[in-house]
Each structure stands twice: as structure tokens, then as C-alpha cells.
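# Observations on the three-dimensional arrangement
Spelled out, the chains give:
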Amino acid sequence: MLYTALLPKWWFKVQLTHAPPEKQPRRSGRTLGEQLKTMCPTLADPAKAHYIPSWVMPGGDMQTIYLYTQHFKPAGCPVSYERDIFEFSDGGKAAIDWAQPRRDAVPGSPLIILVPGIAGGSHDYYARSFIHRVSQQPYGYQVVVLHSRGCNGVDLHTPKAFHAGMTEDLREFVKHLAESRPKSPLIGIGFSLGANILTKYVGEEGATCRLVAAASVCNPFDIDTTVRAMCLPTIKNRFLYAAALTRSLISVFTSNQKVILAGEVALDAKRIVSARNINEFNEEYTIKVFGYQSAKELNVGGSCIHYLKDIQVPMLFINALDDPMCYRRTIPFDDIAKNPNLVLACTRYGGHLAYFEGTSVTPWLPGQLASFVQAMLKWR
């Protein structure tokens, strides 16, 4: 699009929201904002922080759709994994993918935990592109991807899969890593639904959080508002985003139908697979298995927006204002500004998890996250 050439550069400036400098935490003579400005200049230095979308990507919809096509092209950003199966205390299991080559043999080496979006995983382009970047110099960090139950080749072992506010599995996995690697600093990065889960977890943990820092990308923040918007009978919802997310949820059910229906809760399989949107799926499956009274109770209670005030470790939020799945009206600018540990970086463009730039259509996001990780490891 011509707007990338015609509009002034300030139009593409990254907009930062954070507490005043005098209220921010200070370490080694620098506030959180100063540390980010120094070590993450393309994200936090007003003179250098710009995101100019690729001219061949006209807006958030095309960015998001193009990202989806890249999930199935591993040759474009090759990353290999070693898979473990993590068993939770209730007997459930999830796939754990360790990026190769392993870099965590040295005691005290940093470990980054990725939490993907709905039914997403280590194959997704946003995960692979970040891992590809952060595994190279000057970073060289180990990354592990925590998948949701019932996803990415590991069947359910209990009737419970996952939902937007389910932090128990992340809490148990982080606890395991912290206890097995007591000297290793842990940093969490969540994407989309995984960003909501990670943020909620960090808030729930408060001062006892085992992570030294965290980052959230394209967080919906308010699950109830987001899901209600996705249930509206619009063309995009019927044929693109909401439809795709609903199909992903139904796929998890159909792949694990035998185990789910063998549980103690009475479920109607026909109504579940006939769900037209996320709320219908949640009403027929999720709330019954997890013990909620309604989809609204599930969505409101699972929204991370209620936990922002309790976060006590440095946390970065990156959101695009043209995100077609996580809406501008759900971004809690005021709540983030009230907590001195939080920084929000908003871009005008970028779509949902996409952020492609340049004529070669390369991702802008991995470099920002890699520099944030490095900045927090040096600032802790």
C-alpha cells in the first residue's frame, strides 16, 4: 500500500503506556522504562520505535491471513524440537517441545517458556520465528513450548481440555521448571489466548511469581467482550476468525471424544460438534466439564484484565490497534498505567500476531521480544 511511503514516519510510531518514571521500579540505576529505552530502542525509544507494515500487506486482515499461511511452511523458518510429555497432578498430559539444539545444560542458563494461542503450538510461525531469532547470537537462549491439553499430537487423558482462564497447568509446569532448575531465570511469553493465560497467572502469583519477567502479545484482556464480539453474525466471524477458532475447539473435542464422553459429566456430542461459535461450544462442553454456571461466568472470571493490578514482575504488552481478533476497546490503557511494573507498546498496524514489514515480508515481532528478554535478564 502507498500509505507506507506517503505518510510521515511519526504516524507509525510505537505508542508506549506506562507509569510515570518516578513510580517505576529501579535497578542498577535505571528505571524499567530507561532499561527498555536503552536495550530495546526499536520498541521503546521514541526516536527509533516505529513499526511500518509491509506495503504488500494492506491492514490487519491481510497480515493475519498471511501469517496463517506461514504456519504450514516450516522451511521458511526451520526449527527442530525434542518432545517431552508432561503429566499433571490430576493425570492429564500435555506436549512439551524443547527447541534444538538444547542450550540449558549449563546451570543457571536462562529458559523462555512460550504459551501459544487457542490450540496453537510450536509449529506456528510466530513461535518458530521467535525461536529462530532468540536462539542465535547475541542471544542464544533456550526455549520450551507448553501446549494445551489435547493438542499437537497428545490425546486427552481426562475429560478436561483447556479454557481461556485455565492457569493451573502453567502454574504446575513453571513450578516444575523452577524446582528442577533453581538457578535458571525463567521468562514467560504468551500469544493471544496464551497471553491472557500467562497474564492471569502472573497476577495470581503476585509477589511469589517464579518468573523474572513476562511478555504478552496480542492479548484479548477482556475475554467476555471479545467472545461476544466474535459471536456477532458478521461475515468475518462466519467465514474467518471466529469460525476458525470454533473449528479448532471442535477438533479438540472430536479427536478426544471417547475420553471426554467417558467422564462423569453428561454431554451431548451432537450439540458440541454443531456449535456455531465459541460461546455455544463453551455452553455445551467447557462450562459443564469445568463446573461453571454459564459461558459468561467462564469468560468474565477467565479475563486477565482483573489481575493486572496484582502483577509484581516486569511485564511487556504488545498489541496492534488493527488486530481483527483482539479489539482496541478491550485494551486497558489506564489499568496498565497504574501498575509501575507494566509497559504497553501499541502499534497502529500489525494484525493478529503478524507484524510483517519490508518488501521481503519479514516479521518485526521476534526482534522486539528477543531484545526485551535480553534487557530483563541484564536488569534483574
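Summary of the structure given here. A quick note: this is a predicted structure, and the numbers were derived from the prediction, not measured.

### Overview of the state of the cysteines
One pass over the structure, following the stated rule, counts 0 disulfides. Free of any disulfide, cysteine 209 has its nearest cysteine sulfur in cysteine 304, 14 Å distant. The thiol sulfur of cysteine 346 is not disulfide-bonded, and the nearest other cysteine sulfur, from cysteine 218, lies at 9.9 Å.

### What about unusual backbone geometry?
Residue proline 101 follows glutamine 100 across a cis peptide bond; omega there is -5 degrees. Looking at the secondary structure, you find proline 101 in the loop between strand 5 (93–99) and strand 6 (111–115). In this model, glutamine 137 is joined to proline 138 through a cis peptide bond whose omega is 10 degrees. Relative to the elements of secondary structure, proline 138 occurs in the loop between helix 5 (125–134) and strand 7 (142–146). Positioned with a positive phi, asparagine 152 is a non-glycine residue whose angle comes to about 55 degrees. Residue position: asparagine 152 is located in the loop between strand 7 and helix 6 (168–180). Taking the relative accessible area as the measure of exposure, asparagine 152 reaches 23% and is therefore partly exposed. Phi is positive for cysteine 218, close to 55 degrees, though the residue is something other than glycine. With respect to the element layout, cysteine 218 can be found in the loop between strand 9 (213–217) and helix 8 (223–230). On the accessibility criterion, cysteine 218 (0% relative accessible area) is buried.

Thresholds, definitions, all that
Residues numbered from 1 in each chain as written. Predicted model: local features only at pLDDT ≥ 70, side-chain atom pairs only at ≥ 80, totals over all residues. Heavy atoms only, no water. Disulfide = S-S within 2.5 Å. Helix = DSSP H or I, 4+ residues; strand = E, 2+ residues; numbered from the N terminus. Buried < 20%, exposed > 50% of the residue type's maximum accessible area, 1.4 Å probe, protein only.

All we've got here are geometric facts, nothing functional implied.
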